[in-house]
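Here are the chains, one letter per residue:
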Amino acid sequence: MVQNQASEIPLCSQPYMTAEPQPPPQDHAQNDPALKRRRYLRLSIAMACLIGAGMTGEDWWWRAWGQIKFSVQTGKSSFEHVHGMRFFDYMERNKEAGAVFDQAMSAYTSQTAAQVATAYPFHEAAVVIDVGGGRGTLISIILAHHAQLHGIIYDLPATVEAAKHWLESRGLSSRCEVFGGDFFEAIPKGGDVYILQHVIHDWDDEQATRILRNCHHAMPPGRRLLLVEMVIPPGNKPFLGKFLDLGVLMMESGARERTELEYRDLLSRAGFHVSRIIPLPSPDSVIEAVREP
Ligand SMILES: C[S@@+](CC[C@H](N)C(=O)[O-])C[C@H]1O[C@@H](n2cnc3c(N)ncnc32)[C@H](O)[C@@H]1O
């Protein structure tokens, strides 16, 4: 097992989790060390794509990680401590840094998006809105798998510019609109399904609830919201999300990976109930929540 020596947090991953109401798939890796090792390698490759896409070579990234002890001791963002500005403000103002970050997100998502596209019944929907959809990697792969679907990407104005080019290069401009805006203010109406991948983990409970309430406001009752997140399993099991937990805390004060119970609680406070959780082969799960009246 790989250990983070500073915090004794196990870094290798055990991606399946117990989830109600669906029973977890049988996890053959528990009794098969070779399968376990292969799984760990696969996850390491995905993680390497994430961090290897340029961020580790960036001064702004390393300086913030260098102060991670500050985050662990205070629960506040070492990025803000070092740069005097919140992470996403910095990304908006520094175009080059923003492009490197978007590219890194896209590198991870390109490894895992097909799992989301095939695990969830998107064939039942006509319009999917990707909130905080970055440059559009996830939605373009979902659209590629489901020919009937139309998409909307919603993200900060600077980020959606890159999304337009991405969609054009994949011949998807006619099937996907792009809107720039602030999800703390409002979220576009008109989706059958709303998806937020690695968005809620960037924020503390209060801010996360605000985003979810804005989704609630945009959606009629009965519509479905999907969170794609690394749900922290119970107990002291090794799990990649525990490493990411440090990464998001470094970026934003109070940001955190959450357990199943914490997601259920957060969603219920915003007017949703969790209808199922679908574990993916990657460390992510799809949390499906229904908008209550
Ligand atoms: C961790 S990234 C995830 C990107 C994408 N969903 C993925 O999984 O590849 C979080 C996204 O939230 C966007 N974001 C941050 N603050 C935002 C805001 N106030 N309004 C809209 N989008 C925002 C960022 O620009 C970024 O694309």
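Keep in mind that what you see is a predicted model, and the values were worked out from it rather than measured. (Residues numbered from 1 in each chain as written. Predicted model: local features only at pLDDT ≥ 70, side-chain atom pairs only at ≥ 80, totals over all residues.)

Engineer: Quick question: what am I supposed to make of the sheet that holds strand 3 (residues 127-131) here?
Structural biologist: Two strands in a sheet stick together by hydrogen bonds in their backbones, pointing the same way (parallel) or opposite ways (antiparallel). Judged by pairing direction, the sheet is mixed, and its seven strands sit side by side in the order 5-4-3-6-7-9-8 without closing on themselves. At either margin of the open sheet sits one strand with a lone partner, and together these are strand 5 (176-180) and strand 8 (272-279). Going across the sheet, the axis of each strand differs from the next one's by a mean of 20°, ignoring polarity. Where strand 8 meets strand 9 (residues 285-291), seven bridges bridge the pair, whose relative direction is antiparallel. Residue pairing in the sheet places Val 274 in a bridge with Ala 289 of strand 9. (Pairing = 2+ DSSP bridges. Helix = DSSP H or I, 4+ residues; strand = E, 2+ residues; numbered from the N terminus. Axes fitted to C-alpha atoms, helices over the stretch in contact; angles between N-to-C directions.)

Engineer: In this structure, what is going on with the site of the ligand? I would like to understand it.
Structural biologist: Close contacts around the ligand come from 18 residues, with Met 105, Gly 132, Gly 134, Phe 183 and Gln 197 the closest. Taken together, the elements giving at least two residues each to the shell around the ligand come down to helix 6 (95-119) and helix 7 (137-145). (Near = placed C-beta within 6 Å.)

Engineer: Would you mind showing me how to read unusual backbone geometry here?
Structural biologist: Excluding glycine, residues mostly carry a negative phi; peptide bonds, for their part, are mostly trans. The residue His 198 is not glycine, and still its phi comes out positive at about 50°. Positionally, His 198 belongs in the loop between strand 6 (193-197) and helix 9 (205-218).

Engineer: What is the right way to look at the packing of helix 6 against helix 8 (residues 157-169) in this model?
Structural biologist: Helix-helix packing is characterised by the crossing angle of the two axes and by the distance between the axes. Interaxial distance between helix 6 and helix 8 falls to 11 Å at its minimum, and their mutual angle equals 55°. Relative to helix 8, the element helix 6 is oriented oblique. The crossing of helix 6 and helix 8 is right-handed. Contacts between helix 6 and helix 8 involve Lys 95, Gly 98, Ala 99 and Asp 102 from the former and Ala 158, Thr 159 and Ala 162 from the latter. Looking at the contact of helix 6 with helix 8, its residues break down into three nonpolar, two polar and two charged. (Parallel < 35°, antiparallel > 145°, perpendicular 65-115°, else oblique. Left-handed = near helix turned anticlockwise from the far one by under 90°. Contact = placed C-beta atoms within 7 Å. Nonpolar A, V, L, I, M, F, W, Y, C, P; charged D, E, K, R; others polar.)

Engineer: Mind showing me how you'd approach helix 10 (residues 240-251) here?
Structural biologist: An α-helical turn contains 3.6 residues, so a residue and the one three or four places further along point in the same direction. In this model, helix 10 (twelve residues) spans 17 Å end to end at C-alpha, consistent with the 16 Å of a helix rising 1.5 Å per residue. The complete set of buried residues in helix 10 reads Leu 240, Gly 241, Lys 242, Phe 243, Leu 244, Leu 246, Val 248, Leu 249, Met 250 and Met 251. (Expected span 1.5 Å × (residues − 1). Buried ≥ 20, exposed ≤ 12 C-beta atoms within 10 Å, placed from the backbone.)

Engineer: What's the story with helix 11 (residues 260-269) in this structure? I'm lost.
Structural biologist: Listing the buried residues of helix 11 in full gives Tyr 263, Leu 266 and Leu 267. Along helix 11, the residues classed as buried sweep out an arc of 95° about the axis, all on the same side. Where the residues of helix 11 are buried, they touch helix 9, strand 7 (224-229), strand 8 and strand 9. With its phi angle positive at about 95°, Gly 271 sits one or two positions after the end of helix 11. (Arc of directions from axis to C-beta.)

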